[in-house]
Amino acid sequence: MTSETLRPPPAPPPAPAAAVAPAPRARRHRRTWRQALRRDWQLYSLAVLPLLFFLIFRYLPMIGNVIAFRRFKPGGSIFGEYWVGLRYFRMFFTDPTFWEVFTNTLVLGALTLLFCFPLPIILALLLNEVRARRFKRFVQSVSYLPHFLSIVIVAAMVMQLTSIDGTANQIVGLFGGDPVAFLQQPEWFRTIYVSSEVWQTVGWGTILYLAALTTVDEDLYEAARIDGANRLRQTWHVTLPGIRPTMVTLLILNIGSFMAVGFEKILLLYNPLTYPTADVISTYLFRMGFQSSNFSYAAAIGLFEAVIGLVLVLSANLISRRTVGTSLW
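Residues numbered from 1 in each chain as written. Predicted model: local features only at pLDDT ≥ 70, side-chain atom pairs only at ≥ 80, totals over all residues. Heavy atoms only, no water.

Looking at the packing of helix α17 (residues 281-291) against helix α18 (residues 295-323)
Reasoning step 1: It is the contact of α17 with α18, at a shortest axis distance of 8 Å, that shows an interaxial angle of 160°. Judged by the inter-axis angle, α17 sits roughly antiparallel to α18. Crossing handedness for the pair α17 and α18: left-handed. Within the contact between the two elements, α17 uses Ile281, Tyr284, Leu285, Met288 and Gly289 and α18 uses Phe295, Tyr297, Ala298, Ile301, Gly302 and Glu305.
Reasoning step 2: Across the contact of α17 with α18, the residue classes tally to eight nonpolar, two polar and one charged. (Axes fitted to C-alpha atoms, helices over the stretch in contact; angles between N-to-C directions. Helix = DSSP H or I, 4+ residues; strand = E, 2+ residues; numbered from the N terminus. Parallel < 35°, antiparallel > 145°, perpendicular 65-115°, else oblique. Left-handed = near helix turned anticlockwise from the far one by under 90°. Contact = heavy atoms within 4.5 Å. Nonpolar A, V, L, I, M, F, W, Y, C, P; charged D, E, K, R; others polar.)

Overview of the side chain of Asn169
Reasoning step 1: Tracing the sequence through the fold places Asn169 in helix α10 (residues 167-174).
Reasoning step 2: Residue Asn169 is classed as buried on the basis of its relative accessible area of 5%. (Buried < 20%, exposed > 50% of the residue type's maximum accessible area, 1.4 Å probe, protein only.)

Quick look at the pattern of salt bridges
Reasoning step 1: All chains considered together, the criterion is met by four salt bridges.
Reasoning step 2: We note a salt bridge from Lys265 to Glu197, for which the minimum N-O separation is 2.8 Å. Taken together, the residues span a long stretch of sequence, with Lys265 in helix α15 (residues 263-269) and Glu197 in helix α11 (residues 186-213) at a distance of 68 residues. Taken as a pair, Lys265 and Glu197 share a single burial class, namely buried.
Reasoning step 3: Between Asp279 and Arg287 there is a salt bridge, and its shortest N-O distance comes to 2.6 Å. (Salt bridge = Lys/Arg side-chain N within 4 Å of Asp/Glu carboxyl O.)

Side note on the packing of aromatic side chains
Reasoning step 1: By the definition in use, this model includes 25 aromatic pairs.
Reasoning step 2: On the numbers, 5.3 Å between centres and 40° between planes, the contact of Phe53 with Phe57 is tilted. Remark: Phe57 and Phe53 occur in helix α4 (residues 48-59); sequence separation between them is four residues, near one turn of the helix.
Reasoning step 3: On the basis of relative accessibility, which here comes to 38%, the residue Phe53 falls in the partly exposed class.
Reasoning step 4: Residue Phe57 is classed as exposed on the basis of its relative accessible area, which comes to 52%.
Reasoning step 5: Their ring planes at 50° and their centres at 5.3 Å tell us that Phe92 and Phe304 sit as a pair that is tilted. On the criterion of sequence distance, the pair formed by Phe92 in helix α5 (residues 87-93) and Phe304 in helix α18 is long-range, its members being 212 residues apart.
Reasoning step 6: Exposure remark for Phe304: the relative accessible area of 17% places this residue in the buried category.
Reasoning step 7: Three or more aromatic residues joined by ring pairs form one cluster here, namely Phe69, Trp83, Phe89, Phe92, Phe93, Phe98, Trp99, Phe102, Tyr297 and Phe304.
Reasoning step 8: We note Arg287 situated over the ring of Tyr275; from NZ or CZ to the ring centre the distance is 4.5 Å. (Phe/Tyr/Trp six-rings, centres within 6.5 Å; stacked < 30°, edge-to-face > 60°. Lys NZ or Arg CZ within 6 Å of the ring centre and 35° of its normal.)

Section: the nonpolar core
Reasoning step 1: Core analysis: the biggest nonpolar cluster contains 22 residues, and Phe92, Phe98, Ile281, Tyr284, Tyr297 and Ile301 have the highest contact counts within it.
Reasoning step 2: Counting only elements with at least two residues in this core, the list comes to α5, α6 (96-116), α17 and α18.
Reasoning step 3: Here this core takes six residues from α18, the largest share from any one element.
Reasoning step 4: Cys116, Ala155, Val158 and Val198 belong to the second-largest nonpolar core, a separate cluster that totals 20 residues. (Core = buried A, V, L, I, M, F, W, Y, C linked by side-chain atoms within 4.5 Å.)

Here's what the structure looks like:
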């Protein structure tokens, strides 16, 4: 028997790729909103009350903005008597008083954002470095307390401190100065307002940042220490990037309320003598609407203010998404 007879027969050639039938794909089953609602109705039920709140107190009152384009008279139709178009918008565009209060709103909003946004971050970073727990809790408690005080109480405290015989003037008298009527001088109002706003809001603003600091990976700090980074460089290269999403989100929210400078506190603190620096859009609206009964004019200014706030939020969100990669939507 030769070696040729013992050789096994050749294997058949492989089948062409086109002959292999592809495996059927499993169809993805998409749940409809009805199925999702039926499955997780307990979770969706939690959103009913917040949605009703926004619907009743936020969205339904927006129908009243129609009086910005109609002549409204107290006692008449709630949607105005007749159509006037853009008359009230032209009125405040040509009103020098409006542009004065608009400038005051921008200045006070910018000062509030400049001081009240970064200071909670700085305080949270400082508290994060404190190792004595009792001291840390004491500082947190003391800084949180002003947030729970009523605006009326805060305004009364500010008036007492800055009165002629108040604490501020007593300190001025110790250095040989004359008493100053702080709340009667326009140049002092912005300083007083921003200082009281910082005192009342900075401690409360640190809560979110302290919570965000707990999510920063400790291995990143260890790697930074191995690379020779000191505490300042660790804060700059590890801590701040770790809490950047929280910072950007709160910045966008603060920009959204940029035009809505604290109405209650300004209304309680200002007076006709400080109108040149204290009068803002919200207080101007109050005087036009409730004291002068010019509701259509006030509605036009309020609608203009709301449009500017919307543009600021959309712009800040777009810039943040394209530059930092973090946004609200």
